[in-house]
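# Coordinate analysis (summary)
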Amino acid sequence: MTEAVHLRTARVGDLAAVMRVMDAAFDPLFGEAWSGAQLLTLFALPSARVCLAWHGEEPCGFSAARIAGPESELLLLAVDPAWRGRGIGRLLLDDWQAWANAHGADDYFLEMRADNDAAHLYSRAGFVEVGRRAAYYRGNDGQMRDAITMRQRPSPKSGD
């Protein structure tokens, strides 16, 4: 199904589309969704990018990332539940890394709630857990959850 999905860099005018996916994808129980104001800060940063996945005129996923030197951090990745299981998450993940690599980054990080189902997507893409913060996230239910940091190390360059 990903052949019918196209990706493009989001602009400020796409904020409502990004928020539509955000509201559908993030369970309010965990309190992980960003506000529109938080997202707007990314549009002003030359080292950050929001990418939207579209199926026709319907937004179905997005990613948000930033670059700092040779490292890039995935800040958010979301796929509307109605579109999950169709490869859109992997498409967005690959697009993030291609964008970051084109801007000089080759070391990739992300942080997420330890019990997040997306861990399977990241593990299949070669990410490994490199850190854990106990009781880092407080959900809207008051429960504390661990955060894990995952990293995909750069591939060794020939001659190294």
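Since the structure is predicted, the reported quantities are computational estimates derived from the model, not experimental observations. The residue count restarts for each chain, going from 1 along the sequence in the order it is written. Thresholds applied to this predicted model are a pLDDT of at least 70 for local features of residues and 80 or more for the giving and counting of side-chain atom pairs; totals over whole chains, interfaces and linings are not thresholded and use all residues. Note: side-chain values were computed over all heavy atoms of the structure, leaving out hydrogens and water.

Another point: the side chain of Asp14. Inspection of the secondary structure puts Asp14 in the loop between strand 1 (5-9) and helix 1 (15-25). Relative accessibility under 20% of the residue-type maximum defines a buried residue, over 50% an exposed one, and the middle range a partly exposed one, all with a 1.4 Å probe and only protein chains included. For Asp14, a relative accessible area of 9% corresponds to the buried category. A contact between two residues is defined here by any heavy atoms of the two lying within 4.5 Å. Excluding anything up to four places from it in sequence, Asp14 contacts Arg8, Thr9, Leu52 and Trp54. Runs of E in the DSSP output that reach at least two residues are strands. Runs of H or I that reach at least four are helices, and both are numbered from the N terminus.

Moving on, we get to the pattern of salt bridges. Here a salt bridge means any side-chain nitrogen of Lys or Arg lying within 4 Å of a carboxyl oxygen belonging to Asp or Glu. Tallying each qualifying case throughout the model produces 12 salt bridges. Asp95 is paired through a salt bridge with Arg49; the nearest N and O atoms lie 2.6 Å apart. Highlighted residues: Asp95 in helix 3 (residues 88-102) and Arg49 in strand 2 (residues 48-55), separated in sequence by 46 residues. Of the two residues examined, Asp95 and Arg49, each falls in the buried class. Between Glu111 and Arg133 there is a salt bridge; the shortest N-O distance is 3.3 Å.

The next subject is the environment of Arg138. Among the structural elements, Arg138 can be located in strand 6 (residues 128-138). Taking the C-alpha atoms as reference, Arg138 lies 12 Å from Ala114; in sequence the two are 24 residues apart. At a separation of 3.5 Å, a polar atom in the side chain of Arg138 contacts the main-chain carbonyl oxygen of Gly142. Between N or O atoms, a polar contact is any pair within 3.5 Å; within protein, one atom must be a potential hydrogen donor and the other a potential acceptor, and residues adjacent in sequence are included only when both atoms are from side chains.

Those residues of helix 1 that sit buried are Leu15, Ala17, Val18, Met19, Val21, Met22 and Ala25. In this structure, the buried side of helix 1 is in contact with helix 2 (36-43), strand 2, strand 3 (58-68) and strand 4 (71-79).

With that settled, consider unusual backbone geometry. Backbone geometry at Ala135 places phi at a positive 50°, although glycine is not the residue there. Tracing the chain through its elements places Ala135 in strand 6.

The next subject is helix 3. With 15 residues, helix 3 ought to run about 21 Å at 1.5 Å a step, and its terminal C-alpha atoms sit 21 Å apart, in line with that. Listed in full, the buried residues belonging to helix 3 are Ile88, Gly89, Leu92, Leu93, Asp95, Trp96, Gln97, Trp99 and Ala100. Looking one or two residues beyond helix 3, the residue adopting positive phi is Gly104, at roughly 95°. Each residue after the first adds 1.5 Å to the expected span of a helix.

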